[in-house]
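# Analysis of the macromolecular model
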Amino acid sequence: MSTPTRTDLEAARRFVYDDARLLERHRLAVLFDGAPPTRVLDALRPYRNADGGWGHALEPDLRGPDSQVSGALSALEVLAELGTAADPEVASLARGTADWLAGVALPDGRAPHVLPTAAGYPAAPWMVPNDGGFLTYAIAAHLWELGLEHPWLDAATAWCWKQLDGELAVDGYTVKFALDFLDAVPEPDRVAAAVERLRPALREDGTISVSGGEDDEKLRPLLLSPKPGAPSRALFTEQQIADELDLLEREQLDDGGWDFDYLHWSPGQTVDARGLATLGALQTLRTHGRL
């Protein structure tokens, strides 16, 4: 049986306060220090636009100011982390985000991957305007986690199930976001069957390749299934999860932070995404009793 390595929490804190965005600093303070969630909302609001959407590089791979679907996903991730009990504004912001998504969604209910307003601004190579809808899974997941009732969520959920019941593309991030959806939508029998249909997409070690990514870029079990007890955990053995936690602990760098294994395409993106990777590593380790 593997022996867990030791995470240097204080070094991780220093990294976040030295290199991460104000938003991630406040999220860290809520997670470990009992800071009020209002501070996270204060840091989140400047990314919101007058149209109700989110931009301004809230998603580090899109650096433009205009509202984007990936920005909405990033905002909802933060709001779901806080939960509607944390502050009445959480539910209000979530509903406003769903209203904005309804306005940009395609007729079949899916949210486009990248809207045309991204053109002309710095962005990752994969963030070109297109109508691919795989972010819809994760967005719907967060809205379900928040307990929001909204007509667009109904349409998005129907679209997600239609894809999952058909010939779903098995690229890495499509599977990852589909599993996010399945971990959140409250239909246990249907969910369990859909999770099993995704099993062939995984390699023997529980990873899944990322088409068009870096050499041997892959998504690992803890990214695919970050929450203990979630339906997606049926895809992985306890030993696989324990080994991944050991590896995650060992991946802390000398500067106290964690890095990410996809393309580092700009200095700003790298700084922002490393802050997110570090916060995510700490959240995962804490969730699994390693901190």
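Residues numbered from 1 in each chain as written. Predicted model: local features only at pLDDT ≥ 70, side-chain atom pairs only at ≥ 80, totals over all residues. Heavy atoms only, no water.

## Brief notes about the overall build of the protein
In terms of helices and strands, the protein carries 12 helices and 2 strands. Put simply, the protein runs from its N terminus to its C terminus through helices and strands in the order α-α-α-α-α-α-α-α-α-β-β-α-α-α. For the protein, the C-alpha radius of gyration of 18 Å lies close to 19 Å, the compact-globule estimate for 291 residues. Along the first, second and third principal axes, the C-alpha set of the protein runs to 50 × 40 × 40 Å. (Helix = DSSP H or I, 4+ residues; strand = E, 2+ residues; numbered from the N terminus. Rg over C-alpha atoms; globule rule 2.2 N^0.38 Å.)

## Considerations on the nonpolar core
Residues Leu79, Leu101, Tyr137, Ile139, Leu164, Phe181 and Leu182 are the most contacted members of the largest nonpolar core, which totals 73 residues. With 8 residues, the single largest contributor to this core is helix α4 (residues 69-82). Leu62, Val114, Ala118 and Met127 belong to the second largest nonpolar core, which has 5 residues in total. (Core = buried A, V, L, I, M, F, W, Y, C linked by side-chain atoms within 4.5 Å. Buried < 20%, exposed > 50% of the residue type's maximum accessible area, 1.4 Å probe, protein only.)

## Overview of the packing of helix α1 (residues 9-19) against helix α12 (residues 267-287)
Relative to each other, α1 and α12 sit at 150°, their axes nearing to 10 Å. Taken together, the axes of α1 and α12 lie roughly antiparallel to each other. Relative to α12, α1 is oriented so that their crossing is left-handed. Between α1, through Leu9, Ala12, Phe15, Val16 and Asp19, and α12, the contact on the second element is made entirely by Val271, Arg274, Gly275, Thr278 and Leu282. Residue classes in the contact of α1 with α12 are distributed as 6 nonpolar, 2 polar and 2 charged. (Axes fitted to C-alpha atoms, helices over the stretch in contact; angles between N-to-C directions. Parallel < 35°, antiparallel > 145°, perpendicular 65-115°, else oblique. Left-handed = near helix turned anticlockwise from the far one by under 90°. Contact = heavy atoms within 4.5 Å. Nonpolar A, V, L, I, M, F, W, Y, C, P; charged D, E, K, R; others polar.)

## Examining helix α9 (residues 188-198)
Taken as a whole, α9 has its buried residues at Val191, Ala194, Val195 and Leu198. Projected down its long axis, α9 carries its buried residues within an arc of 105°, all on one side. (Arc of directions from axis to C-beta.)

## Concerning the pattern of salt bridges
A complete count under the given rule lists 20 salt bridges for this structure. Three or more residues joined by partner-sharing salt bridges are found here, namely Arg21, Glu24, Arg27 and Glu81. (Salt bridge = Lys/Arg side-chain N within 4 Å of Asp/Glu carboxyl O.)

## Side note on the packing of aromatic side chains
Within a pair of aromatic rings, the relevant descriptors are the distance that separates the centres and the angle that separates the planes. In the structure shown here, the tally under the stated rule is 7 aromatic pairs. Ring geometry for tyrosine 137 and tryptophan 159: centres 5.3 Å apart, planes at 50°, overall tilted. Of the two residues, tyrosine 137 is situated in helix α6 (residues 135-145) and tryptophan 159 in helix α7 (residues 151-164); the sequence distance between them amounts to 22 residues. Both residues of the pair, tyrosine 137 and tryptophan 159, count as buried. Both rings, one in tryptophan 161 and one in phenylalanine 181, keep their centres 5.5 Å apart while their planes meet at 75°; by these two values the pair is edge-to-face. With tryptophan 161 in helix α7 and phenylalanine 181 in helix α8 (residues 172-184), this pair connects stretches of sequence that are 20 residues apart. Classification of tryptophan 161 by relative accessible area gives buried; the value is 3%. (Phe/Tyr/Trp six-rings, centres within 6.5 Å; stacked < 30°, edge-to-face > 60°.)

## Re unusual backbone geometry
Residue histidine 56 is not a glycine yet carries a positive backbone phi of 60°. On the secondary structure map, histidine 56 appears in the loop between α3 (38-44) and α4.

## Considering the packing of α7 against α8
When two helices pack together, their arrangement is given by the angle between their axes and by how far apart the axes lie. The geometry of α7 relative to α8 is characterised by a closest axis approach of 11 Å and an angle of 120° between their N-to-C directions. Judged on the interaxial angle alone, α8 and α7 are oblique. Crossing angle aside, the handedness with which α7 passes α8 is left-handed. Side by side, α7 and α8 meet where Thr157, Cys160, Trp161 and Leu164 of the first sit next to Ala178, Phe181 and Leu182 of the second. Counted by class, the contact of α7 with α8 contains 6 nonpolar, 1 polar and no charged residues.

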